[in-house]
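Structural overview for review
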Amino acid sequence: MKTTLTTTALGLILTAGAAGAQELRFMCYQDGTECTVWEGQFDRFEAENPGITVVVDEVPYQSILESLPVQLEVGEGPDLARVTDYGGLARYMLDVRPYVSDPDAIEARYGQSLEWARVGDNASDGIYNIVDQLTATGGFANKTLFDQAGVEMPGPGATFAEWAEASRAVRDAVGVDFAMAIDRTGHRFAGPAMSYGAAFFDDNGDPILVDDGFRTFAEQFVAWHEDGTLARDVWAGAGGGTYQDAAAEFINANLVMYYSGSWQIGRFGRDIGDAFDWVATGGICGPEACTGMPGGAGIVGFKQTEHPEAVGKLIEFIAQDDVQAAVLAQTRNIPANAVLQEEGIEYQDVSDDVKAALTIFAGSIPTFADTAYQLQGYANNRAIFTATPARITQAIVGELTLDEALDRLDADIAEAIAQ
């Protein structure tokens, strides 16, 4: 009888312990090793928070774009996820401010990127997202081609016009096919457009698109396609909102200057190796500004979780300086954390080219315009980013005049917002 009672009591204790356990499901996609690295950090979190476990479910990026919103719409899905569409998913996000011990510290470190999720009905001081991979648009140049051509490479603060002139001179001198290229997406188009004076939003915060600054850059952009400065097939080789880049041409040393973003750094370090010397230019200027576009992935919690307090604890852990530094050192990403931007990251096992490029891109981020952050967090930015290449390409290939393309672009955005 004594043995039976003892066994029964033990069973009750174990059952109670299991009932008190909290399991958090984290849906994660990775460009490199982000999910794997975070899983290692969560071992420490679980040790510091007995009773809470974190299960990392790695999925393709397409699942984050397509499956996750469907799950959240019906009240299902994970407790947390690693996402990029802050505006589109904002209404599902959990405000963890009530569950963190030092919200002011998080605000001080992540203030600009926190704004990306403070849209719609979300609180203006809410804490919804911690960015763990800040990206920045900017340029890359093949230094070896410049050296071979004997052309001086434009320095910090150089304009798109100066890069165009220098890149054409290098192309003509060494005989490669392409002077410049820009990724086919409205996201990559937006930074240069802002640098030419595009406002994107009016004084009330309502979206506008084709103003004088936007038109000025669009005219220059189409003209550079007509005179061969820009690699024509990147934009003219696809239709609609299809994304296309020119990374392969840069890797193959057939492109002098490439405007893309910091996410290419790891790929270039791996695929170029010591085939030639390349450098990051960081941001490039226009007549009105020197801004690029920020972006990147971040970790968010969702309202339907059964464990909001545990999610808050995990988000605060993710935001810690030492945790972020450890993750970024391994994933080779740029910090969104202002303290780490100032201190720098000791990246592990990277070449001098990669380390220098990461440093240059990180240094360009403080120069980005507030409008760039506003657009990145805008709930309907995907409509802008997909409609822009569709209409601008029609002007490039001659299906529409530029005026017709810009009129239709404005109409596309108005229709998308109305829907």
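All residue numbers refer to positions counted from 1 along the written sequence of the respective chain. Note on the predicted model: pLDDT of at least 70 is required for a residue's local features to be given, and 80 or more for side-chain atom pairs to be given and counted; whole-chain, interface and lining totals, by contrast, use all residues. Values shown for side chains rest on all heavy atoms present in the structure; no hydrogens or waters enter the calculation.

1. Quick look at the overall build of the chain
Counting from the N terminus, the helices are DSSP H or I runs at least four residues long and the strands are E runs at least two residues long. Summing up its helical and strand segments, the chain has 19 helices and 8 strands in all. Radius of gyration: over C-alpha atoms. The globule rule applied is 2.2 Å multiplied by the number of residues raised to the 0.38 power. Its C-alpha atoms give the chain a radius of gyration of 24 Å, within 12% of the compact-globule value 22 Å for 419 residues. Overall size of the chain, expressed as C-alpha extent along the three principal axes, is 95 × 50 × 35 Å. Each residue gets one of three labels from its accessible area relative to the maximum for its type: buried under 20%, exposed over 50%, partly exposed in between, using a 1.4 Å probe on protein chains only. Counting every position in the chain, which comprises 419 residues, the buried fraction comes to 50%. The criterion used for residue contact is that any of the two residues' heavy atoms lie within 4.5 Å. Considering only contacts within the chain whose residues lie at least 6 apart along the sequence, 74% involve residues at least 24 apart.

2. Observations regarding the domain arrangement of the chain
Considered domain by domain, the chain is made up of domain 1 (22-134 + 295-352) and domain 2 (137-294 + 354-418). An automatic or database domain assignment supplies the residue ranges for each domain. Of note, the centres of domain 1 and domain 2, computed from C-alpha atoms alone, are 28 Å apart. Contact residues are listed per partner, giving 17 residues for domain 1 and 17 residues for domain 2. Of all residues in domain 1, Gln 112, Trp 116 and Ile 334 bury the most surface against domain 2, accounting for 31% of the area lost on that side. Whenever a carboxyl oxygen of Asp or Glu lies within 4 Å of a side-chain nitrogen of Lys or Arg, that contact is scored as a salt bridge. At the surface where domain 1 touches domain 2, the tally comes to 0 salt bridges. In protein, a polar contact means a hydrogen-donor-capable atom and an acceptor-capable atom, both N or O and within 3.5 Å, with residues adjacent in sequence counting only if both atoms are side-chain atoms; elsewhere, any N or O pair within 3.5 Å suffices. Scanning the region where domain 1 abuts domain 2 turns up 7 residue pairs in polar contact (both at pLDDT 80 or more). By buried area we mean how much accessible surface two parts lose on assembly, using a 1.4 Å probe and totalling the loss over both.

3. Here's the deal with helix α18 (residues 381-397)
Given a helix with a known number of residues, its expected span is that number minus one, times 1.5 Å. Counted at 1.5 Å a residue, the expected span for α18 with its 17 residues is 24 Å, and the 25 Å between its end C-alpha atoms agrees. For α18, the tally of buried residues reaches 12 of 17 residues, placing the bulk of the element in the interior. Buried within α18 we find Asn 381, Ile 384, Phe 385, Ala 387, Thr 388, Pro 389, Arg 391, Ile 392, Thr 393, Gln 394, Ala 395 and Ile 396.

4. Re helix α5 (residues 103-114)
An ideal rise of 1.5 Å per residue puts 16 Å on 12 residues; α5 reaches only 12 Å between its terminal C-alpha atoms. For α5, the complete set of buried residues consists of Pro 103, Ile 106, Tyr 110, Gly 111, Ser 113 and Leu 114. Close packing links the buried residues of α5 with β4 (129-142), α13 (308-319) and α14 (321-331).

5. Points about the pairing of strand β1 (residues 22-28)
When DSSP finds two or more bridges between two strands, those strands count as paired. One ladder, built from 7 bridges, connects β1 with strand β2 (residues 52-58); its direction is parallel. For Leu 24, the partnering residue across the bridge sits in β2 and is Val 54. Assessed by its sense of winding, the connection that carries the chain from β1 through helix α2 (residues 34-48) to β2 is right-handed. Sheet topology note: the β1/strand β3 (residues 80-83) ladder contains 2 bridges and is parallel. Each bridged residue has a counterpart across the sheet, and for Phe 26 the counterpart in β3 is Leu 80. Looking down the strands as they point away from you, a crossover is right-handed if its path from the first strand over the helix to the second goes clockwise.

6. Examining the pattern of salt bridges
Enumeration over the complete set of coordinates arrives at 19 salt bridges. A salt bridge links Glu 73 to Arg 91; the nearest nitrogen and oxygen atoms lie 3.5 Å apart. Taken together, the residues span a long stretch of sequence, with Glu 73 in helix α3 (residues 61-73) and Arg 91 in the loop between α4 (86-89) and α5 at a distance of 18 residues. In this structure, a network of salt bridges that share partners links the residues Arg 97, Glu 107, Glu 115, Arg 118 and Asp 125.

7. Some details on the state of the cysteines
Here, the term disulfide refers to a pair of cysteine sulfur atoms separated by no more than 2.5 Å. The full count for this structure, using the stated rule, is 2 disulfides. The disulfide partner of Cys 28 is Cys 35, and the S-S distance across this bridge is 2.1 Å. Residues Cys 28 and Cys 35 are joined by a disulfide whose S-S torsion is about -100 degrees; by sign, that bridge is left-handed. In terms of burial, Cys 28 and Cys 35 fall into one category: buried. At a sulfur-sulfur separation of 2.0 Å, the disulfide partner of Cys 285 is Cys 290. Note on the Cys 285 and Cys 290 pair: the S-S dihedral is about 100 degrees, so by sign convention the disulfide is right-handed. Looking at Cys 290, the relative accessible area reads 36%, which means it is partly exposed.

8. As for the side chain of Thr 393
By secondary structure assignment, the location of Thr 393 is in helix α18. A distance of 3.4 Å separates a polar atom in the side chain of Thr 393 from the backbone oxygen of Trp 235. Beyond its immediate stretch of four places on either side in the chain, Thr 393 contacts Arg 184, Trp 235, Ala 236 and Ala 238.

9. Digging into unusual backbone geometry
Of note, the phi angle at Phe 200 is positive, near 65 degrees, even though the residue is not glycine. Inspection of the secondary structure puts Phe 200 in the loop between α8 (186-195) and α9 (212-226).

10. Focus: the packing of aromatic side chains
Aromatic rings from Phe, Tyr and Trp, with only the six-membered ring used for Trp, were paired whenever their centres fell within 6.5 Å, and each pair was classed as stacked if the ring planes differed by under 30 degrees, edge-to-face if by over 60, and tilted otherwise. Within this structure, the stated rule accounts for 27 aromatic pairs. Plain terms: the ring middles of Phe 45 and Phe 317 are 5.4 Å apart, the flat faces sit at 55 degrees to each other, and that makes the pair tilted. In this pair, Phe 45 sits in helix α2 while Phe 317 sits in helix α13, placing the two residues 272 residues apart along the sequence. Each member of the pair, Phe 45 together with Phe 317, is buried.

11. So, the pairing of strand β7 (residues 278-282)
With 4 of its 5 residues buried, β7 lies for the most part within the structure. Pairing between β4 and β7: 4 bridges, direction antiparallel. Along β7, the bridge assignment pairs Ala 141 with Val 279.

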